[in-house]
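What the coordinates show
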Amino acid sequence: MTDLIETHIENRVMVQPNHANNLQTAHGGHVLKWMDEVGAMSAMRFAGSSCVTARINQVDFERPIQVGDTSLIKSYVYRAGRTSVRVRLQVYRENLRNGKQQKATESYFVYVAIDDDREPTTVPELDVSSDRGERLREEALAGEGQ
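Below is a summary of the structure that appears in this document. These numbers were taken from a predicted model, which means no experiment stands behind them. (Residues numbered from 1 in each chain as written. Predicted model: local features only at pLDDT ≥ 70, side-chain atom pairs only at ≥ 80, totals over all residues. Heavy atoms only, no water.)

**Brief notes about the sheet that holds strand 5 (residues 84-94)**
Across the sheet, five strands lie side by side as 2-4-5-6-3; this open sheet has antiparallel pairing. The two strands at the open ends of the sheet, each matched to only one other strand, are strand 2 (9-14) and strand 3 (50-56). For this sheet, the mean angle separating the axes of adjacent strands, direction not counted, is 30 degrees. Packing of helix 2 (residues 131-144) onto the sheet brings it into contact with strand 4 (70-80), strand 5 and strand 6 (101-114), and relative to strand 4 it is tilted by some 90 degrees. (Pairing = 2+ DSSP bridges. Helix = DSSP H or I, 4+ residues; strand = E, 2+ residues; numbered from the N terminus. Axes fitted to C-alpha atoms, helices over the stretch in contact; angles between N-to-C directions. Contact = heavy atoms within 4.5 Å.)

**Things to note about the packing of aromatic side chains**
Summed over the entire model, instances satisfying the criterion amount to two aromatic pairs. Between Y78 and Y108 the ring centres are 5.8 Å apart and the planes differ by 85 degrees, which places this aromatic pair in the edge-to-face class. Of this pair, Y78 sits in strand 4 while Y108 is found in strand 6, placing the two residues 30 residues apart along the sequence. Side by side, Y78 and Y108 carry an identical accessibility label, which is buried. A cation sits over an aromatic face here: K74 above Y92, 5.0 Å from the ring centre. (Phe/Tyr/Trp six-rings, centres within 6.5 Å; stacked < 30°, edge-to-face > 60°. Buried < 20%, exposed > 50% of the residue type's maximum accessible area, 1.4 Å probe, protein only. Lys NZ or Arg CZ within 6 Å of the ring centre and 35° of its normal.)

**With respect to helix 1 (residues 28-47)**
End to end, helix 1 covers 28 Å across 20 residues, agreeing with the expected 28 Å (1.5 Å per residue, within 8%). Those residues of helix 1 lying buried are V31, W34, M35, V38, G39, A40, S42, A43, F46 and A47. Within two residues after helix 1, G48 carries a phi angle of roughly 75 degrees, on the positive side. (Expected span 1.5 Å × (residues − 1).)

**Some points on the nonpolar core**
The biggest cluster of nonpolar side chains holds 25 residues, and the ones touching the most others in it are I73, V85, V87, L89, V91 and Y111. Mapped by element, the contributors of at least two residues to this core are strand 2, helix 1, strand 4, strand 5 and strand 6. Looking at which element gives the most residues to this core, the answer is helix 1, with eight residues. Each residue touching V87, except ones within four places of it in the same chain, is listed here: G39, S42, A43, S75, Y76, V77, Y78, S107, Y108, F109 and Y111. One finds Y76, Y78, L136 and A140 within the second-largest nonpolar core, a separate group that totals six residues. (Core = buried A, V, L, I, M, F, W, Y, C linked by side-chain atoms within 4.5 Å.)

**Quick notes on the pattern of salt bridges**
Summed over all chains, the structure comprises 10 salt bridges. A salt bridge links R86 to E144; the nearest nitrogen and oxygen atoms lie 3.2 Å apart. Linking R86 in strand 5 with E144 in helix 2, this pair joins segments that are 58 residues apart in sequence. For R86, a relative accessible area of 27% corresponds to the partly exposed category. When the shortest N-O distance is used, the salt bridge between R88 and E106 registers 2.7 Å. Within this pair, whereas R88 is found in strand 5, its partner E106 is found in strand 6, the two being separated by 18 residues in sequence. Relative accessible area serves as the criterion here: at 7%, R88 is assigned to the buried category. Three or more residues joined by partner-sharing salt bridges are found here, namely E62, R88, K103, E106, R135 and E139. (Salt bridge = Lys/Arg side-chain N within 4 Å of Asp/Glu carboxyl O.)

Listed below in structure tokens is the structure:
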């Protein structure tokens, strides 16, 4: 078994002009790419094998991330099936000069664990052994259906 807290990953990307759309904010495609990469890291840490993206839930961009700000991506596994891994992803706009963070978007991705032959392979059971892990799992399950 792998504990939920062990799958928690945070990554930051400084939004540069080459990441921007014509409004000088992070292009949504770049944000989705960063989410997918970080989510896959959580899924692989949990599964102990390569994982491929199977599904992306709805993504609503709540606020833009300006060039010069940092995109903070948080992810963790909150549920596992036989070969599938569900990951909650949250993205924040972060101003490094003052530490202010504002949620930019959130979504739930499903990954499938694969073996060396690129066939689906089983994943371990998810363990939740702390109050923080239980709170994170409950938040993800409550938000997943929205």
